[in-house]
Structures are given as C-alpha cells and as structure tokens.
Amino acid sequence: MAAEHEGMDLRLLGPVRAWRDGTEVALGSARCTAVFTVLALHANRPVSREQLVAAVWGDDPPASATGNVYTYVSALRRVLEPGRDRWAAGRTLTSGAGGYCLHVPGAAVDVHRFEALRERSRRHRAADDRRAELAALEAALGLWRGEALTGMPGRYAEAQRLRLTELRLATAERRATLLIELGRHDEAISALRTLATAYPLQENLHAMLMSALHARGRRAEALEVHDRLRDLLRDETGTEPGAALRAVRSRVLDGGPGGAGPAPAAVFVGRTAELRLLLDAVTEVAAGRGGSVWLKGAPGMGKSALLATALRDAAPPGCRIGWGAGDELARRMPLGVLLECFESAMAGDGSREPVRELFAVAADALGGPAPGIVDRAAAVIRRAAAEGPLILVIDDLELADDATLRVWTELHALTGELPLLLVGAGGPAADDRRLAELRAVHPGEVVLSGLAPADAAALVWRTAPRPPEPRILRRLLGDAGGNPCYLRHLAAAPRREPGDPPPAEVTAAVNAHLGPFAEETRQILRAVAFLGAPVGRRAGCTVPEVAAATGRPADEIRRVLAPAHAAGVLGPGPQLVFRHRIVARTLHEGTPTALRVMLHRSFAEKVAAAGGAPDRVLGQLLAGPAPLDPWAGRWLAGHVEELWASAPKPTIAVLQRAHSQYNLDHGTRLELTAWLARLLFLQGRGAVAEAGWAAARATDPALEAEMRWIVAATHDRRGDHAAAADVARLVLSARRAPGPWLDRFRALLSRLPPNRPPGEPAVPRMRRTAGSADPISVIG
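Just so it is clear, the model here is predicted, and its values are computed rather than measured.

Asker: What am I meant to see in the side chain of His 226 here?
Answerer: Secondary-structure assignment places His 226 in helix H9 (residues 219–236). Of note is the side chain of His 226, whose polar atom sits 3.2 Å from the side chain of Asp 227. Apart from residues lying up to four places away in sequence, His 226 is in contact with Met 210, Pro 241, Leu 245 and Arg 249.

What follows is the structure, given as structure tokens:
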C-alpha cells in the first residue's frame, strides 16, 4: 500500500496501523499497539513511563508494567527503525528523562491531520466561505476508516475514542448543515439518514433531516421522521421530543419554509456606550492612532455579537481587520490563534510574505519555547501595521495559546506608535495567571453586565414569534437576568407555563456555558441550585449549608466554586445566588425526577442535622415531589411555629401535603393537621374540613375542643350562625371539653343571633401572633 505521506503514515481513525516508506509495519500485541497509540497521539511530545502505564493499564497496573513498557518500546524501535544499530541512539522513538518521544511530522498522524482540517474549516467559516469550509470538512471526514482506535484496550483509549467520535459527529453535522445551506438537499438527506441511524436518539440530527426533506417537498417523510423518533423516545427514555424538534414539526405542518438556509442575523439591542467605544477606536486607528480594547463578560453576555455589530462592517477603506478565536483545540498549537487572526487580516493583501513569515515563527515554536519567538512574531505584525491601519480581534482570548498571549501582550507597546488596534474579548477569568502580564499592561477593561430591563424587554419583543403576555414577559426577564443569549432562546421557544422544564435550546446553552468547569464544580453548582430555591423572603443558600448537604468542608466548597464566581455564574456576597435564574432551573429540572426527589430528601435531613435554618429544610421538603416520611413529619411538628413566623405560605403548603398523606403515623398526622387548621383560621381562610377531621380523631379533650371551636368560629365568620350554634351545642352537651373551653362555647352561644346585632361576628378577630402561643390561644 502506498503511503499518503512521505516517510511515516500513522492511522488511528480506525484500526491502529502504521506505514514506513510505503510498507506497513507490524505493531505487535494489543498492549504494544496501545503504547504506540499513546505515543502517536502525543507525537513530538515526551510521555513519561508513568503516563504510559496509567494509559495502558489504568489505576491497577501489574507489578511488571514498567518492565513491559520497556519491552514494548524496544519492539517498536525495531519495527520503526529497522536499520538502526542496536546500541545506537534512536531517532524516531527516543528516550530520556524517564519517558519516550515519537518524532514524526505532524501531518504523519491522521488524528492531527483531522484536527488541522477542522481548524482550516473554521477559518473558512470566519471568512464566510462556505464552499471552502465544506471541502475542508469533507477532507477531514475522509480520513476515517471505522471506529477510532478500534480494539485498543484501556480507559485512556476509551476516553480518546469518545472524544474523537464526538468531533467526528460535530464535523458531520456541520457538513450536513452546509449542504442544506448550499441547496444540496439530496446529499444532505443521504448523509443525515446515515447519521440518524447511527445516533437514533439525537434530536438535532432528526430535526435537520426533517428540514431537508421538507425543503424537497417530502412533507410526509419529514413527519414520519418525527413520529418514529417520538415513539422511540417514549419507549427508550420515557420522554417527549424537545422544543426544537416540535418547532420543526410545526413548520412542516404549517407549510412554512423548510430549508435551513443561512442563520438570520442575531437581533442586537442596547450596549450603546460599548458600541460607541469600539466605533471610536476604529475611527482613531483609521486616523493613524492605535489603541486597545478588552471586553469581558460572563458566557452569553453578547461579547461576540457586540464585536460583530461594531466591527464586522465598520472598517473604513484602507483598514485591514482580522478575526481569531481561542478554544481548547487552538491551545495545542503555538501562535495558532494569532496566525488565524493575522491571516484573515492579510487575506486581501497582494503579498502573502508576512503570513508566511509568521507561519515560519510558529513552526519554530512547535518544538517548545524558543528564544526570540515573541520578538520575531511582534516584528512581523509591526511591519504590517507600519504599512497601514491594522485591526486584530481575538474572541475568547483566555482560551488562546500561551505564545499568542505573550505576543498579544508585547503588541500593546506598539499601539502607542503605530495604527494598530487590538480588540480582545473573553470571560472574567479573574484567576487565570496566564493573563496576569496582559492585565498589567492593559489600560482598562470593559465589563459587560446584564442588559437593562428596557433593553432586555426590547430584545424579547424583537425575537419572540408573537408578543408575550405581561406575566410571561416578567417571568422570562426574571429567568434570564439580562443575559442576551438566554433571552433570545427563551423568547424564541414556544410559550411555556410555570413548572415546564426549560426549552431544549436553553438547556444546551446553559450546559455549554458550564462545560469548561471541572466536574466537581458542576456538581456543587447543582447542589447550590437544589438548596437555593426561595422560601419566604430568602433566595440562595450559604457555603455552610452546601457543606452540610454535600458532606464536604466549607473551605473546599469555596475552592471548588471559585471558578464559578470568577466566571460570573454566581453573584458576589455571602449568599450563593445564581446571576441568571435559568441556570439554576436547568441544573435542577435537568436532573431525573427520581434522583431529584432523593437529593432533596437527603439535603433536608443533612441541613437539619447541621442546625441549618428551618426554612431551608422546609424548601427541600417542598421541592421534592415525594411523600413526607416519618422523619420529615417529626421534624415539621417540632418546627412548625418557627416556620409559620418566617414563611407562612410555604408552611401551610407543606402542612396540606402532610394532611393528605397516609404514610405518617396517626399521632404526627393529627398534630400537623391541627396546626394546619390553626394557621388557616389565623389567615381568615376556611378551616372547617381540617379542624373537623382533627376533632373527630382527637383523644385529647382540649385538642378536640380547640378544633371544634375553629369549626364553629369559621361558620360564624361566614355568616352561617345556625351551623356555629349547632357545633357549640354539641360540645356543651357532650361535656368532654375542659372547663375554660366550655365557658368559651357558652359565651359564643350567648353572642349568636338573636342576642347580637346582625352582621357582627360572635368571635373576636384573631391576632396573627396568636398561633405561636399555647393551643387554646386561637380564641383570643
């Protein structure tokens, strides 16, 4: 088989195979091939023996693992360098400092070629060249020959297999989107059918397939795709199709446009001061004066939209503008983000020499930090800026590679002498040490906060398919908290009622914003969402409450949540409160119901055991739709008076739940129902049923008398004096009530008609505080 690349050709996107000068080499056993796979994925970077052992054998390697690595490396050297003398130093597979390094050109490994082609497609997308982007994506997909790392054992191989498979799926999805946008619907339908078969529960793939079929006039087939997926979701997961899929179905049924087409420009409102700042900076650089702007804000605050609105079409004639964006993949290539930005700025330049120079600098940096790299890169951009105004824009700056950040910092010194405008945007990243030098030389930062209420409302009105009702608008604005991303998704989704889960698009956006956090941070944020539901007048929760609920030390909770505070997900202050309520809702309602119930019940008991605030425990008992168990009943009986003082409505709600359930023991249920009757009576609400139920089951004469009194007094309030008199006579004839109660019932009878003026209640109005005294205090 002929090699696709001169020298080595290493293929991991399928069965792991290797060719040397056109001849396939035998890699040996599965473990030996696994060692080779790890080295190939880290090509041109050293891998320690400990890393190899962990990658191949996991957390429990055999005692012989290190010796086996040595044996496998020796075997690989023999097949990769067959002409090497046994005692000569290796050139392809070298050792040193307790590790090994596989030296091959970057293009020799198909995984690296795949990632490079994805990067190329991203540059074409930034330049709005869809045909070139499609060509790059198809070339990337053409490298695959089956499941990545087929048959390779170990958790490391499985993790890499999953990562690469997700990238392959994302690449295939983007290819299908481009085919639809370019009007090649038949090709898109074929590709999407294959993908939908491989990933039968992926709703977005089915939505795209429905759109492509509808665009070709195949309405019935589009609806069949929806119905098959709906039935599969019901059978496999017990769920219904999400909002996005339902919206496509509605479009098909209504006969609306079927093609996906280019995405409409995002509605942009507000940010007047920030827009003016950027436009003024462009005017200045066009006049020969450089500068810099650093936009910062939490995910979804509209940094990218602001940049596009202000700069995409704002550059005057003669100004060159380049765009780049940092991401986790770009951090692997030194100067990768700066190259992307500079290359797009120089795309219209007749000479490609400056770009080639910067590529040469980046190539020299591939082997690790080298002297002069920053100065050489800055010199290339200095010469370009000296020839005319140059604007460089990097989004997600905190995700750029280290070399790009060092050069970006160095370039600030040039803005005072050259027409060079540097515009960076990113998250708060307050704890990112890599940005410390940049922060030291930057004149200031522009922090984007949530949209003002008027601007947020305007964005909703311009995005929603129909004007929202005032109550829905208020709820939507409260959920989004001024975040433009959440506002757009919530406004565009079909109308939802309180209690409905967040739309699928919002859930996807929230998950994407939380994705960069470590798993432990996301788990603690979920606990904050569970604990922070408002009860009474309090929203949010505290670090000690989270520590009690999770069983972790408070200092550890603060450490784990520090990135969320820095990124603006949580607000400042001692209370842990989400800046955007929809994030808490998504974390809470995205948890399966059974697990949600279990967590709320567990958190309630743990917070109570730690001496937490009773209203926090009450919130957990109300939030989980599970019956109150004996522990919850006993706790509630011991804290009902305190809860009534701080949170009357939630207290009544949980008492009503306790009254309607049969899993509590008789005594606890009777006690809680009696309290429910008292509190309803104190609020001036009907308590006849509850008090009557408790009176019929009470064995304590005083409690029975109190409940009968509430029944009689409620009838009297309603003007049903005859019913009130009947209850009083019943108590007096039975003569089971203690003396003080008998006196009160006699007094009630004496005040009932015809012995008092019409309309005047026989029972004095009760004070709200009466419920916190002894049981007979409800009579005043």
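Asker: Would you mind showing me how to read the sheet that holds strand S6 (residues 99–102) here?
Answerer: Pairing between the strands of a sheet is mediated by backbone hydrogen bonds and can be parallel or antiparallel. Read across the open sheet, the three strands follow the order S4-S6-S5; overall the sheet is antiparallel. The open sheet is flanked by strand S4 (47–48) and strand S5 (93–96), the only strands paired with a single partner. The sheet contact formed by S5 and S6 spans four bridges and is antiparallel. Of the residues in S6, the one forming a bridge with Ser 95 is Tyr 100. Running over the sheet, helix H1 (residues 30–41) touches S4, S5 and S6 and is turned about 70 degrees from S6.

Asker: What is the right way to read the pairing of strand S9 (residues 390–395) from this model?
Answerer: Across a regular strand the side chains alternate sides, sitting on one face of the sheet and then on the other. Most of S9 sits out of view: six of its six residues are buried. Bridging between S9 and strand S10 (residues 420–426) involves five bridges; their strand directions are parallel. Directly across from Ile 394, in S10, lies its bridge partner Gly 424.

Asker: It is not clear to me how the packing of aromatic side chains should be interpreted in this structure. Could you clarify?
Answerer: What describes a pair of aromatic rings is the distance from one ring centre to the other and the angle between the planes of the rings. This model, assessed by the stated rule, comprises five aromatic pairs. Seen from their ring centres, Phe 114 and Trp 144 are 5.6 Å apart, and the 85 degrees between their planes marks the pair as edge-to-face. Taken together, the residues span a long stretch of sequence, with Phe 114 in helix H4 (residues 110–126) and Trp 144 in the loop between helix H5 (130–141) and helix H6 (155–181) at a distance of 30 residues. Its relative accessible area of 8% is what places Trp 144 among the buried residues.

Asker: What am I meant to see in the pattern of salt bridges here?
Answerer: When the charged atoms of two side chains with opposite charge come close together, those side chains can pair. Under the counting rule described, the total for this entry stands at 39 salt bridges. Close ionic contact of Glu 133 with Arg 174 constitutes a salt bridge, the shortest N to O distance being 2.7 Å. Here Arg 174 lies in helix H6 and Glu 133 lies in helix H5, a separation of 41 residues in the sequence. Given a relative accessible area of 2%, Glu 133 falls into the buried group. Judged by relative accessible area, Arg 174 falls into the buried class, the value being 16%. The partner of Arg 585 in a salt bridge is Glu 589, and the shortest N-O contact between them spans 3.3 Å.

Here is what the cut-offs are and how they apply
- Residues numbered from 1 in each chain as written.
- Predicted model: local features only at pLDDT ≥ 70, side-chain atom pairs only at ≥ 80, totals over all residues.
- Heavy atoms only, no water.
- Helix = DSSP H or I, 4+ residues; strand = E, 2+ residues; numbered from the N terminus.
- Polar contact = N/O pair within 3.5 Å; in protein donor to acceptor, adjacent residues only side chain to side chain.
- Contact = heavy atoms within 4.5 Å.
- Pairing = 2+ DSSP bridges.
- Axes fitted to C-alpha atoms, helices over the stretch in contact; angles between N-to-C directions.
- Buried < 20%, exposed > 50% of the residue type's maximum accessible area, 1.4 Å probe, protein only.
- Phe/Tyr/Trp six-rings, centres within 6.5 Å; stacked < 30°, edge-to-face > 60°.
- Salt bridge = Lys/Arg side-chain N within 4 Å of Asp/Glu carboxyl O.

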